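Secondary and tertiary structure notes
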Amino acid sequence: MAWVLLVVAGLLEVGWAVGMKYTDGFTRLVPSVLTGAGIVSSMLLLSYAARTLPIGTAYGVWVGIGAAGAAVLGMVVLGEPVTAARIFFVCLLVVAVVGLKATSGH
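Thresholds, definitions, all that
- Residues numbered from 1 in each chain as written.
- Predicted model: local features only at pLDDT ≥ 70, side-chain atom pairs only at ≥ 80, totals over all residues.
- Heavy atoms only, no water.
- Helix = DSSP H or I, 4+ residues; strand = E, 2+ residues; numbered from the N terminus.
- Buried < 20%, exposed > 50% of the residue type's maximum accessible area, 1.4 Å probe, protein only.
- Polar contact = N/O pair within 3.5 Å; in protein donor to acceptor, adjacent residues only side chain to side chain.
- Contact = heavy atoms within 4.5 Å.
- Axes fitted to C-alpha atoms, helices over the stretch in contact; angles between N-to-C directions.
- Parallel < 35°, antiparallel > 145°, perpendicular 65-115°, else oblique.
- Left-handed = near helix turned anticlockwise from the far one by under 90°.
- Nonpolar A, V, L, I, M, F, W, Y, C, P; charged D, E, K, R; others polar.

1. A look at the side chain of Ser104
Following the sequence through the fold, Ser104 ends up in the segment after α4 (84-102). Residue classification places Ser104 among the buried residues on the basis of a relative accessible area of 12%. One polar contact links the side chain of Ser104 to the main-chain carbonyl oxygen of Lys101, over a distance of 3.1 Å. Filtering out sequence-adjacent residues up to four positions away, Ser104 remains in contact with Trp3, Pro54 and Thr57.

Listed below in structure tokens is the structure:
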């Protein structure tokens, strides 16, 4: 169950990271409220997952999902540059997340 919570927390991190783009410096109410709710929810789920999982693994996986997901959505949705180097490094993030999961002992 901890892994499910951690994955959901990571996906929420992607949501609030991309959501910050739409807050316009937290001057737009609805995007700001949704982004804030995403931040709180993501961290709560991370904290629940960290009760069972090693914190280094939990935090690393959470950040990895968030960073990779935000980078991909940035390229796909926000029109950020799509280069071979960016795709390569996002793939490295995914490999690192899988490696942390595989070596966590859980």
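There is more to say, and it comes next.
2. Section: the packing of helix α3 (residues 55-76) against α4
Orientation of α3 relative to α4, taken along the N-to-C sense of each, is 155°, at an axis distance of 9 Å. Overall, the two elements α3 and α4 adopt an arrangement that is roughly antiparallel. In this structure, α3 crosses over α4, and the sense of that crossing is left-handed. For the pair α3 and α4, contact is made by Thr57, Gly60, Val61, Gly64, Ile65, Ala67, Ala68, Ala71, Val72 and Met75 and by Arg86, Val90, Leu93, Val94, Val97 and Leu100, respectively. The class makeup of the residues in the contact of α3 with α4 is 12 nonpolar, 3 polar and 1 charged.

3. Thoughts on the packing of helix α2 (residues 29-49) against α3
Axes are the key here: two packed helices are described by the angle between their axes and the distance separating the axes. For the pair α2 and α3, the least separation of the axes is 10 Å and the interaxial angle reads 150°. Compared by their axis directions, α2 and α3 come out roughly antiparallel. Where α2 crosses over α3, the two elements pack in a sense that is right-handed. Residues Ser42, Met43 and Leu46 of α2 touch α3, and the partners they reach there are Ala58, Tyr59 and Trp62.

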